[in-house]
Amino acid sequence: MTVDSVPLNTGAKLPLFGLGTWQVKDETELTVALRAALDGGYRIIDTAHLYQNEHIIGEVLHEYISSGKIKREELFITSKLPFVAHAPEDVANCVESQLKALKLDYIDLYLIHCPCPFKHQEGNLLPLLEDGKLVFDEKTSHMDTWKELEKLYHAKKLRALGVSNFSAKQLEELYNQAEVKPSNIQVECHIYWPQEHLRSVCKKLGVTFTAYAPLGSPGRKAARPDGVWPEGDPLLEPVVQQLAAKYHKTAAQILIRHLTQHGISAIPKSISPDRIIENISTFDFKLSDEDMHALDTVPTRIRLFIFDFAVGHPLFPHDDVDETTTPKSGFKLH
Ligand code: NAP
């Protein structure tokens, strides 16, 4: 299956589709999934320091590149800086450790994972906790971190820079000050949380847009100690089910095509080889304008990822979330 792409402001191309890997830390599961994905035509692999799986991804990438099955330049590897490593003295060391784990000389797209920096423990990158709570790093600004990333961009270790979970305002402020302009933003985006304002700002700035949780992240509950998340399942939305029947596709395929047809890069996670192939098999049909509109205008609006662990942080990005709207359940790293 050929995957469409969009240009980045670096001149490189961003595929409009790839594999998410959040919550996959089992070596066998992830290795099976990555082989199915790479064999099936996936070229984006999305990971992060926080996912604790870069070393497994590194092994599989090495297997494919060293055997000549895939050339390095065909791949598009995205990874992210953890929120405990924003301090200027931590950035380069963290990126070096990620390159080593991934067995790569460079990362295609590197994102600041979360706009809210936190402190880490002495001597490692584990979060510092006081009374069971993360400790804000109120000293480090986005530009302090970005300047370090710019050095790694100029050293060709990071081939494009971007941000994740930033608000439109935070993205614009960074864009205006940055010497190396952000190339991409990765945020929650699906039919229930379509991010119209942020998408229009990205269009104006020439920043590409990646949707995480494109299927509504049905497996997200496993990531919380108490399973408390806002409710919502786009896969079960009646209009999605109707369009699946009309186009002879699955609900997941309709949700993915809706995003990619808008020029949004979608990175659904799956560990099932069948679903991995199902999810990429979405560039062989087109939704009509009327059906795109029906998906654009479903009445439900729910933010599924509320980042309650960062509520109260001076750089908290979401105007619609505060102490009164968040379930309190603490923070679980993985
Ligand atoms: P998602 O991709 O919307 O949903 C993944 C879930 O859907 C898994 O439970 C998966 O189960 C299931 N699934 C996959 N294909 C399916 C299909 N065809 N039919 C039915 N169910 C299907 O959610 P996500 O994993 O939260 O987000 C995707 C990726 O975005 C992540 O993996 C990660 O790489 C990235 N992400 C980034 C951030 C950030 O802060 N930047 C936050 C969240 C996610 P199986 O595995 O069993 O198939």
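Residues numbered from 1 in each chain as written. Predicted model: local features only at pLDDT ≥ 70, side-chain atom pairs only at ≥ 80, totals over all residues. Heavy atoms only, no water.

As recorded in an unreviewed UniProt entry, the chain goes by NADP-dependent oxidoreductase domain-containing protein and comes from Caenorhabditis remanei.

Peer 1: How do you make sense of the sheet that holds strand β12 (residues 265-266) when you look at a structure like this?
Peer 2: Pairing is parallel in the open sheet, where eight strands are placed in the order β3-β4-β5-β6-β9-β10-β11-β12. A single partner strand is all that each edge strand has here, and the edge strands are β3 (18-20) and β12. In the sheet, strand β4 (residues 44-46) pairs with strand β5 (residues 76-81) via three bridges, with the strands oriented parallel. Looking across to β5, one finds that I45 is bridged to I77. On the sheet, helix α4 (residues 142-154) packs against β5, β6 (109-112) and β9 (161-164) and is oriented at approximately 145° with respect to β9. (Pairing = 2+ DSSP bridges. Helix = DSSP H or I, 4+ residues; strand = E, 2+ residues; numbered from the N terminus. Contact = heavy atoms within 4.5 Å. Axes fitted to C-alpha atoms, helices over the stretch in contact; angles between N-to-C directions.)

Peer 1: What exactly am I supposed to notice about the site of the ligand here?
Peer 2: Close contacts around the ligand come from 28 residues, with D46, S164, L215, S217 and S270 the closest. Q186 is positioned such that a nitrogen or oxygen atom in its side chain is 3.0 Å from a nitrogen atom of the ligand. The contact in question runs from an oxygen atom of the ligand to an N or O atom on the backbone of P214, over 3.3 Å. Look at the ligand: alone it shows 900 Å² of surface, and the protein chains cover 91% of it. When its residues are assigned to classes, the shell around the ligand shows twelve nonpolar, eleven polar and five charged. (Near = heavy atom within 4 Å. Polar contact = N/O pair within 3.5 Å; in protein donor to acceptor, adjacent residues only side chain to side chain. Areas by Shrake-Rupley, 256 points an atom, 1.4 Å probe, with all protein chains shown as cover. Nonpolar A, V, L, I, M, F, W, Y, C, P; charged D, E, K, R; others polar.)

Peer 1: I'm lost on the packing of helix α1 (residues 27-39) against helix α9 (residues 273-280) in this one. Help?
Peer 2: Helices that pack against each other are described as a pair by the angle of their axes relative to one another and the distance between those axes. Contact geometry for α1 and α9: axes closest at 9 Å, N-to-C directions at 35°. Once α1 is placed against α9, the crossing between them reads as right-handed. Only P273, I276 and I277 of α9 make contact with α1, whose side of the interface consists of V32, A33, A36 and A37. (Left-handed = near helix turned anticlockwise from the far one by under 90°.)

Peer 1: Looking at this structure, how should I read the pairing of β9?
Peer 2: Both faces of the sheet carry side chains from a regular strand, because those side chains alternate between them. Burial of the side chains of β9 extends over both faces: L161 and V163 are buried on one face and G162 and S164 on the other. With three bridges joining them, β6 and β9 adopt parallel strand pairing. In the strand pairing of β9, L111 is matched with G162. In the sheet, β9 pairs with strand β10 (residues 184-188) via three bridges, with the strands oriented parallel. Each residue of the ladder has a partner; that of S164, found in β10, is Q186. Taking the sense of rotation as the criterion, the β-α-β connection linking β9, helix α5 (residues 168-177) and β10 turns out right-handed. (Buried < 20%, exposed > 50% of the residue type's maximum accessible area, 1.4 Å probe, protein only. Right-handed = clockwise from strand over helix to strand, strands pointing away.)

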